[in-house]
Amino acid sequence: MQKIMLHLWYDQEALEAANFYTSLFEESEVRHVTTIPNTPSGDTQIVSFTLAGQDFMAISAGPDFKFTPSISLRVDCSSVAESEILWERLLEDGKILMPLQAYDHSPSCGWGMDRYGLSWQIMTVPEGQSVGQKITPTLMYSGEQCGKAEEAVQDYMKAFSNSEIYDTVRYESGEGPDKPGSVKYMSFELDGIGFVAMDNGYEHQFGFNEAISLLVTCETQAEIDELWECLSADYHAESCGWLKDRFGVSWQIVPEVMTTMMSNGTPEQIQRVTEAFLKMKKFDIITLEKAYEGL
């Protein structure tokens, strides 16, 4: 099982969006749909899906959170033709943030928001480079968090033992508004999944929020406890397995067994587990297992 995946929050469009995205990429499918009744957001629908061989999760849980460009999905394309086709289909009825055109770092690159508000960066890899991970989550540290991208990545390195920083490019003098030495581009890996982090000194009216979170599945309670201790920095943001780190990025720390419960349980079992986890901040595996068994 993929240990870390992107979790996307929609009003009521999670399944519609998942079907749309899986129609655009090879090695993609909607794997499972679960409805959880009687949550604080009403009946919620959880959709597990795969894009280009990478696992994602989406939820329809009401209008509380909206996507922002603070976290975007970069798609690496092997040719300009591929990037143009994907751009046209993905950005239909969306919004262009940066036009698709040639830049110094890519023969074809663009940034936009799809019809659901999710941000995508479409990039053709330079000649001589191969496409590795097709879709890469990209975290942009702006506003009060600008200048903290490297610090954040170092925190994540400590939280996940199987992690590595691959490449760091810094802003130089004259490349304002970013300060010289801040991060223009940092590629890193957490437990087998590639990410990008960057600082951005422009004035933006958005930041990280719960619309996009990083969901981590854990095998043991000890692992849950350790990640919670490493990452959680806002007691008031802790709820139902969710936390926020000190940079404002949202995480979900979830026991692997709970995924099985919610996928394979009867409606009665799912209801009991839901009632149990709604009372929790950090998940407790033993309590969830007892609820599942009706004990």
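It should be emphasised that the depicted structure is a prediction, and the values quoted were computed from it without experimental measurement.

How each quantity is defined
- Residues numbered from 1 in each chain as written.
- Predicted model: local features only at pLDDT ≥ 70, side-chain atom pairs only at ≥ 80, totals over all residues.
- Heavy atoms only, no water.
- Pairing = 2+ DSSP bridges.
- Helix = DSSP H or I, 4+ residues; strand = E, 2+ residues; numbered from the N terminus.
- Axes fitted to C-alpha atoms, helices over the stretch in contact; angles between N-to-C directions.
- Disulfide = S-S within 2.5 Å.
- Polar contact = N/O pair within 3.5 Å; in protein donor to acceptor, adjacent residues only side chain to side chain.
- Contact = heavy atoms within 4.5 Å.
- Parallel < 35°, antiparallel > 145°, perpendicular 65-115°, else oblique.
- Left-handed = near helix turned anticlockwise from the far one by under 90°.
- Nonpolar A, V, L, I, M, F, W, Y, C, P; charged D, E, K, R; others polar.
- Buried < 20%, exposed > 50% of the residue type's maximum accessible area, 1.4 Å probe, protein only.
- Arc of directions from axis to C-beta.

## As for the sheet that holds strand β11 (residues 183–190)
Step number 1: A sheet is described by the order of its strands in space; here eight strands give the open sequence β6-β7-β8-β5-β9-β12-β11-β10, paired in mixed fashion. Whereas interior strands pair on both sides, the edge strands pair on one side only; in this sheet they are β6 (95–103) and β10 (163–170). Ignoring which end each strand starts from, the neighbouring axes of this sheet average 20 degrees apart.
Step number 2: Judged from the five bridges that link them, β11 and strand β12 (residues 193–200) form a sheet pairing that is antiparallel.

## What about the state of the cysteines?
Step number 1: A full pass over the atoms with the stated rule returns zero disulfides.
Step number 2: For the unlinked cysteine Cys240, the closest cysteine sulfur is that of Cys218, found at 16 Å.

## Some words on the side chain of Arg74
Step number 1: Along the chain, Arg74 turns up in strand β5 (residues 71–77).
Step number 2: A distance of 2.9 Å separates the side chain of Arg74 from the side chain of Asp76, its partner in a polar contact.
Step number 3: Setting aside residues no more than four positions away along its own chain, Arg74 makes contact with Gln121, Met123, Lys134, Ile135, Thr136, Thr138, Tyr185 and Val196.

## So, the packing of helix α5 (residues 256–264) against helix α7 (residues 285–293)
Step number 1: Running from amino to carboxyl end, α5 crosses α7 at an angle of 20 degrees, the nearest separation of the two axes being 10 Å. Accordingly, the angle class assigned to the pair α5 and α7 is roughly parallel. Between α5 and α7 the crossing geometry is left-handed. Within the contact between the two elements, α5 uses Val257, Met258, Met261 and Asn264 and α7 uses Ile285, Leu288, Glu289 and Tyr292.
Step number 2: Within the contact of α5 with α7, the residues separate by chemical class into six nonpolar, one polar and one charged.

## A closer look at the pairing of strand β4 (residues 54–60)
Step number 1: Within β4, seven of the seven residues are buried, which leaves it mostly tucked inside the rest of the structure.
Step number 2: Two elements, strand β1 (residues 4–10) and β4, share five bridges in a ladder whose sense is parallel. Within the sheet, the bridge partner assigned to His7 lies in β4 and is Met57.
Step number 3: Judged from the seven bridges that link them, strand β3 (residues 42–51) and β4 form a sheet pairing that is antiparallel. Paired with Thr50 across the two strands is Asp55, which belongs to β4.
Step number 4: In sequence, β3 turns back onto β4 through a hairpin of two residues, with Ala52 there showing a positive phi of about 50 degrees.

## What to know about α7
Step number 1: All of the buried residues along α7 are Ile285, Leu288, Ala291 and Tyr292. Summarising the axial view, the buried residues of α7 lie within an arc of 125 degrees, below the 170-degree limit, and thus occupy one face. More than 90 degrees from the buried face of α7, the exposed residues found are Ile286 and Glu293.
Step number 2: In this fold, the buried residues of α7 make contact with α4 (221–231), β15 (250–255), α5 and α6 (267–277).
Step number 3: The first or second residue beyond α7 is Gly294, which carries a positive phi of 75 degrees.

## Focus on the sheet that holds strand β2 (residues 29–39)
Strands in a sheet are paired, the pairing made by backbone hydrogen bonds, and the direction either parallel or antiparallel.
Step number 1: The sheet built from seven strands is open, its strands ordered β2-β3-β4-β1-β13-β15-β14 with mixed pairing. In this open sheet, the two strands that pair with only one neighbour each are β2 and β14 (242–244). Mean inter-strand twist for the sheet, computed between neighbouring axes without regard to direction, equals 25 degrees.
Step number 2: Of the strand pairs in this sheet, β2 and β3 are connected by eight bridges, and their pairing is antiparallel. Note that in β3 the partner of Thr34 across the bridge is Ile46.
Step number 3: Against the sheet, helix α1 (residues 14–22) contacts β1, β2, β3 and β4, and its axis sits at roughly 10 degrees relative to β3.

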